[in-house]
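Spelled out from the first residue to the last, the chains are:
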Amino acid sequence: MALSRDIAGALERLRERIERACERAGRDPSAVQVVAVTKGHPEEAIRAAYDVGVRVFGENYAQELAAKASALSDLADLRWRFIGHLQRNKIKLIERARATVDTVDSARLAEALSARAAAKAMDLEVLLQVNVGDEAQKSGCAPEEVPRLVEAVRALPNLELRGLMTVAPHLDDAEATRPFFAELRQLAEAHQLPELSMGMTHDLEQAVEEGATMLRIGTAIFGPRPEP
Ligand SMILES: *Cc1c(COP(=O)(O)O)cnc(C)c1O
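Since this is a predicted model, take the numbers as computed values, not measurements.

Calculation notes
- Residues numbered from 1 in each chain as written.
- Predicted model: local features only at pLDDT ≥ 70, side-chain atom pairs only at ≥ 80, totals over all residues.
- Heavy atoms only, no water.
- Helix = DSSP H or I, 4+ residues; strand = E, 2+ residues; numbered from the N terminus.
- Buried < 20%, exposed > 50% of the residue type's maximum accessible area, 1.4 Å probe, protein only.
- Salt bridge = Lys/Arg side-chain N within 4 Å of Asp/Glu carboxyl O.
- Contact = heavy atoms within 4.5 Å.
- Near = heavy atom within 4 Å.
- Polar contact = N/O pair within 3.5 Å; in protein donor to acceptor, adjacent residues only side chain to side chain.
- Areas by Shrake-Rupley, 256 points an atom, 1.4 Å probe, with all protein chains shown as cover.
- Nonpolar A, V, L, I, M, F, W, Y, C, P; charged D, E, K, R; others polar.
- Patch = residues over 30% accessible without salt bridge, like charges linked within 9 Å, V, L, I, M, F, W, Y side chains within 5 Å.
- Lys, Arg positive; Asp, Glu negative; His and termini not counted.
- Charge placed at Lys NZ, Arg CZ, Asp CG, Glu CD.
- Core = buried A, V, L, I, M, F, W, Y, C linked by side-chain atoms within 4.5 Å.
- Pairing = 2+ DSSP bridges.
- Right-handed = clockwise from strand over helix to strand, strands pointing away.

Trainee: What is the right way to look at the environment of A121 in this model?
Mentor: Here A121 is to be found in the loop between α5 (107–119) and β5 (124–129). Among the residues examined, A121 registers a relative accessible area of 69% and is labelled exposed. Placed 37 residues apart in sequence, A121 and N158 show a C-alpha to C-alpha distance of 7.7 Å.

Take a look at the structure:
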């Protein structure tokens, strides 16, 4: 299929970028996972990526994730990560997808997720989203809030806190993003959190060099997003 061929080619170029960045940083490329970000892309794009081996997908909107998870439920080993802002009244919507929630940024959201996970007798993997750029329009807790939030989440049943996530400021010079990634890494190290979800198409090299374990990549795999 042409779509799968395009995606396979894009993945190969992406892997090369990741490998070169790992080489510069002395890291093992197998320690860097790619989350394929599919917001705005149709079900066929996800199937095409699945056909060439992609298993982990990221979605930003609860409604869109729910619809896609239901349409793709035949792909049993496909894994979802929720990477958008999650409102507490939308938690139920994404339950069927069994998605990790990578954007926990308040104790109230964590409490609501914990309560739902406990009610379903399941464990939910979460990341804390940190607004390292201190940008008013972005979600995420402030870096100063991380210690308290880590403690709060660790005290809640049925949540497994695995790491930190950030959407760094989009700067024309990707190199200028590096200090934000370094800050997230230091925060994670201070709390013994193994996972670092940071880096997108534009700044993945800097993220890998600063220790990313998860890259969230849309454009470099699927091309530009269709207009909503
Ligand atoms: C859209 C999105 C991405 C992917 O961005 P690209 O630049 O297309 O790679 C990653 N993370 C989040 C939170 C996003 O919303």
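There's plenty left to go through after this.
Trainee: Would you mind showing me how to read the pattern of salt bridges here?
Mentor: Side chains that carry opposite charge are capable of pairing whenever their charged atoms lie near each other. Taken as a whole and assessed by the stated rule, the structure comprises 20 salt bridges. A salt bridge links E195 to R162; its shortest N-O distance comes to 3.3 Å. Taken together, the positions of E195 in strand β7 (residues 195–197) and R162 in strand β6 (residues 159–165) put the pair 33 residues apart, joining distant regions of the chain. Judged by relative accessible area, R162 falls into the partly exposed class, the value being 24%. What emerges from the salt-bridge pattern is a single network uniting R24, E175, R178, R185, E189, E209 and E210.

Trainee: Could you clarify how one ought to interpret the environment of P169 in this entry?
Mentor: Along the chain, P169 falls in the loop between β6 and α7 (178–190). With 33 residues separating them along the chain, P169 and H202 place their C-alpha atoms 11 Å apart. Apart from residues no more than four positions distant in its own chain, P169 is found in contact with G133, E135, K138, T177 and F180.

Trainee: How should I be thinking about the site of the ligand in this particular structure?
Mentor: In the vicinity of the ligand, the residues found are V37, K39, N60, I83, V167, M200, T201, R216, I217, G218, T219 and R225. The side chain of K39 places a nitrogen or oxygen atom 2.7 Å from an oxygen atom of the ligand. At a separation of 2.6 Å, an oxygen atom of the ligand approaches a polar side-chain atom of T201. Starting from 390 Å² of accessible surface for the ligand in isolation, the protein chains cover 89%. Class assignment for the residues of the shell around the ligand results in 5 nonpolar, 4 polar and 3 charged.

Trainee: Before we go on, may I ask you to explain a negative patch on the surface in this structure?
Mentor: There is a patch of like negative charges on the surface, built from E12, E16, E19 and E23. Following the sequence through the fold, E23 ends up in helix α1 (residues 2–25).

Trainee: Any chance you could explain the nonpolar core here in plain terms?
Mentor: Within soluble globular proteins, side chains that are nonpolar generally end up buried alongside one another. In this structure, F57, W80, L113, L164, L215 and I221 are the most contacted members of the largest nonpolar core, which totals 66 residues. For this core, the element with the most residues is α1, which contributes 6 residues. If you look at the next biggest cluster of nonpolar residues, it comprises 7 residues, including V35, I83, L127 and M214.

Trainee: Would you mind showing me how to read the pairing of β6 here?
Mentor: Consecutive side chains along a regular strand alternate between the two faces of the sheet. Among the 7 residues in β6, 5 count as buried, and that is most of the element. In this sheet, β6 lies alongside β5 in parallel orientation, the contact comprising 6 bridges. Each bridged residue has a counterpart across the sheet, and for L127 the counterpart in β6 is G163. A crossover links β5 with its parallel partner β6, the connecting element being helix α6 (residues 146–154), and its sense is right-handed. Note: β6 against β7, 3 bridges, orientation parallel. Within β7, the residue paired with M165 across the bridge is S197. Assessed by its sense of winding, the connection that carries the chain from β6 through α7 to β7 is right-handed.

Trainee: Help me understand the side chain of E95 in this model?
Mentor: With respect to the secondary-structure elements, E95 resides in the loop between α4 (91–94) and β4 (100–104). Since its relative accessible area comes to 15%, E95 is described here as buried. In terms of polar contacts, E95 uses its side chain to reach the side chain of R116, at 2.6 Å. Excluding residues that lie within four positions of it along the chain, E95 makes contacts with R116 and K120.

On their own, these measurements won't tell you what the molecule is for.
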